[in-house]
Amino acid sequence: RLGGALWAYWRTRGYLSEGRARLAEVLAHPGAQAPTLARSDALNGAGILALSQGDNDAAQRWLEEGLALCRLL
């Protein structure tokens, strides 16, 4: 939940690489694979940070997974 809440801070302060790295680490954790709103928030945050860095492929991957999870929930 913390990672999903912090992405806006990382983006505003310009800590894009740090935010992406931390969110990627959290999202890859075996305990974070459940379809929850917290995972959806983290996926969307990671996607926005990737988009802010111009990494459209990673952004699309994370944002599409986040959207699918939002629809499921």
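Keep in mind that this is a model prediction, so the values were computed, not measured. (Residues numbered from 1 in each chain as written. Predicted model: local features only at pLDDT ≥ 70, side-chain atom pairs only at ≥ 80, totals over all residues. Heavy atoms only, no water.)

**A closer look at the confidence of the model for the protein**
Part 1 of the reasoning: Put simply, the protein has an average pLDDT of 94, and 100% of its residues get 70 or more.
Part 2 of the reasoning: When mean pLDDT is compared element by element in the protein, helix α4 (residues 56-72) scores highest at 96, while helix α1 (residues 2-13) scores lowest at 91. (pLDDT = per-residue confidence, 0-100. Helix = DSSP H or I, 4+ residues; strand = E, 2+ residues; numbered from the N terminus.)

**Here we look at the packing of α1 against helix α2 (residues 16-28)**
Part 1 of the reasoning: Orientation of α1 relative to α2, taken along the N-to-C sense of each, is 165°, at an axis distance of 9 Å. In terms of orientation, α1 lies roughly antiparallel with respect to α2. You can see that α1 and α2 cross each other, and the crossing is left-handed. Between α1, through G3, G4, W7, W10 and R11, and α2, the contact on the second element is made entirely by L16, E18, G19, R22 and L23.
Part 2 of the reasoning: For the contact of α1 with α2, the per-class residue count stands at four nonpolar, three polar and three charged. (Axes fitted to C-alpha atoms, helices over the stretch in contact; angles between N-to-C directions. Parallel < 35°, antiparallel > 145°, perpendicular 65-115°, else oblique. Left-handed = near helix turned anticlockwise from the far one by under 90°. Contact = heavy atoms within 4.5 Å. Nonpolar A, V, L, I, M, F, W, Y, C, P; charged D, E, K, R; others polar.)

**Focus: the environment of G14**
Part 1 of the reasoning: Here G14 is to be found in the loop between α1 and α2.
Part 2 of the reasoning: You can call G14 exposed: its relative accessible area is 52%.
Part 3 of the reasoning: Residues G14 and A32, spaced 18 residues apart in sequence, show a C-alpha to C-alpha distance of 26 Å. (Buried < 20%, exposed > 50% of the residue type's maximum accessible area, 1.4 Å probe, protein only.)

**Remarks on the pattern of salt bridges**
Part 1 of the reasoning: If you walk through the whole model with that rule in mind, you get three salt bridges.
Part 2 of the reasoning: When the shortest N-O distance is used, the salt bridge between R22 and E18 registers 3.3 Å. Here E18 and R22 lie together in helix α2, a separation of four residues that amounts to about one turn.
Part 3 of the reasoning: Judged by its relative accessible area of 47%, R22 falls in the partly exposed class.
Part 4 of the reasoning: The salt bridge involving D55 is made with R20; its shortest N-O contact spans 2.9 Å. Highlighted residues: D55 in the loop between α3 (37-52) and α4 and R20 in helix α2, separated in sequence by 35 residues.
Part 5 of the reasoning: Judged by relative accessible area, which is 17%, R20 ranks as buried. (Salt bridge = Lys/Arg side-chain N within 4 Å of Asp/Glu carboxyl O.)

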